[in-house]
Number of protein chains: 2
Amino acid sequence: MTNSEAIYIEKLRNSGLRPTKQRIRICEVLFNREKTFHFSINDLMKIIQTKTNEKISLATAYNTVHAFKKKGYLKEINIGNEISYFDTNTQSHHHFYDNQTKELVDINSGDVEIKKIPTPPNGKKIIDAEITFKISKE
Amino acid sequence: MTNSEAIYIEKLRNSGLRPTKQRIRICEVLFNREKTFHFSINDLMKIIQTKTNEKISLATAYNTVHAFKKKGYLKEINIGNEISYFDTNTQSHHHFYDNQTKELVDINSGDVEIKKIPTPPNGKKIIDAEITFKISKE
DNA sequence: TAACTAGTTTATAATCATTCTAAACTACTT
DNA sequence: AAGTAGTTTAGAATGATTATAAACTAGTTA
Ligand SMILES: [Mn+2]
Ligand SMILES: [Mn+2]
Ligand SMILES: [Zn+2]
Ligand SMILES: [Zn+2]
């Protein structure tokens, strides 16, 4: 067992899931990366089918990803169109979003600062603030 | 013909649509307001069925709203879930979003300021920046 | 080992928002 | 009146997501 496989197994157990080969394959795609990974369920399915020759079912992909989201290992992002993206960067952070390519890119927290913060409606409090910078070809 | 009806007709004509009674009914719901209106297509359908007793077809609602969006009389907003919202405030602006009630509230431009703006990826330029402040019950 | 149990995978069906289609309808022009 | 272009509508199609239920797997107990 590789070192990272042990980490995957821990993530799965923490998420209330048994470490099966399908789920570990999903972990390999999602978490064996240096940089933030933004993906749709469809992206995930295609990568798995390309890398390994086996297929996993759509239901397993959805269930596993949602379990990770619930546990906080993934974040769901809804921007600019009708499908959900998931994000391996689970901290509150800002994005560049290219409407043409539908690509999301993380922005380093230090690179942005919100100066004035508005007063929320009565009886409400602000729990998060995220900026989307729409970008396009120069 | 009322004064605002003349404005609706102009908006429709500008959007390349003939002013029919169904479309004018849609305009009455959308544009006869002081404050910004955020709505889903389903909201629009329900309001029309409640106010007038007649029904208009889903297709007409979608088509008309999309024509207004294309012309710039409405803005489409995708936040936090699987359905589209439309916004009668077509300027670039920030929102409060209550995840429990699914409600959007506009933020006055003067109440927010972004201090540091990040450098976009190579060959790309920033065309818009919008902040979503997630809020919840205090 | 055999039986038992809880959890898992999968194909497929169901759901729901959105878009498409084609037929009936309307308004405007000749 | 006939012709035409545009419109409305019900219902079908699409596509992402969720639910279902039967077959499969792994871990536990006898
Ligand atoms: Mn989801
Ligand atoms: Mn749309
Ligand atoms: Zn991100
Ligand atoms: Zn708004």
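Since the structure is predicted, the reported quantities are computational estimates derived from the model, not experimental observations. (Residues numbered from 1 in each chain as written. Chains lettered and ligands numbered in written order. Predicted model: local features only at pLDDT ≥ 70, side-chain atom pairs only at ≥ 80, totals over all residues. Heavy atoms only, no water.)

Caption draft 1: Inspection of the overall build of chain A at higher detail. Looking only at helices and strands, one finds four helices and seven strands in chain A. Helices and strands in chain A line up, N terminus first, as α-α-β-α-α-β-β-β-β-β-β. Dimensions of chain A, computed from C-alpha atoms along their principal axes, come out at roughly 50 × 40 × 30 Å. Each of the 138 residues in chain A was classed as buried or not, and the buried ones make up 42%. For chain A, the proportion of contacts with a sequence separation of at least 24, taken over those separated by at least 6, is 46%. As presented, chain A carries roughly 8000 Å² of accessible surface, and 45% of it is formed by carbon and sulfur atoms. (Helix = DSSP H or I, 4+ residues; strand = E, 2+ residues; numbered from the N terminus. Buried < 20%, exposed > 50% of the residue type's maximum accessible area, 1.4 Å probe, protein only. Contact = heavy atoms within 4.5 Å. Areas by Shrake-Rupley, 256 points an atom, 1.4 Å probe, with all protein chains shown as cover.)

Caption draft 2: Expanded view of the layout of surface pockets. For the largest pocket, the calculated volume is near 1200 Å³. What lines the largest pocket is a set of 44 residues, and nearest its centre among them are Asn78(A), Ile79(A), Asn78(B), Ile79(B) and Gly80(B). At the level of elements, β2 (75-77) and β7 (124-137) of chain A together with β2 (75-77), β4 (94-98) and β7 (124-137) of chain B are the ones that each hand at least two residues to the lining of the largest pocket. It is β7(A) that provides the largest number of residues to the lining of the largest pocket, a total of six residues. Residue composition of the lining of the largest pocket, by class: nine nonpolar, 19 polar and 16 charged. (1 Å grid on protein atoms, 1.4 Å probe; cavity = no way out; pocket = protein on both sides within 12 Å on 5 of 7 lines; lining within 4 Å. Points joined across faces, edges and corners; volume = space filled by probe spheres on them. Nonpolar A, V, L, I, M, F, W, Y, C, P; charged D, E, K, R; others polar.)

Just distances and angles here, no functional claims.
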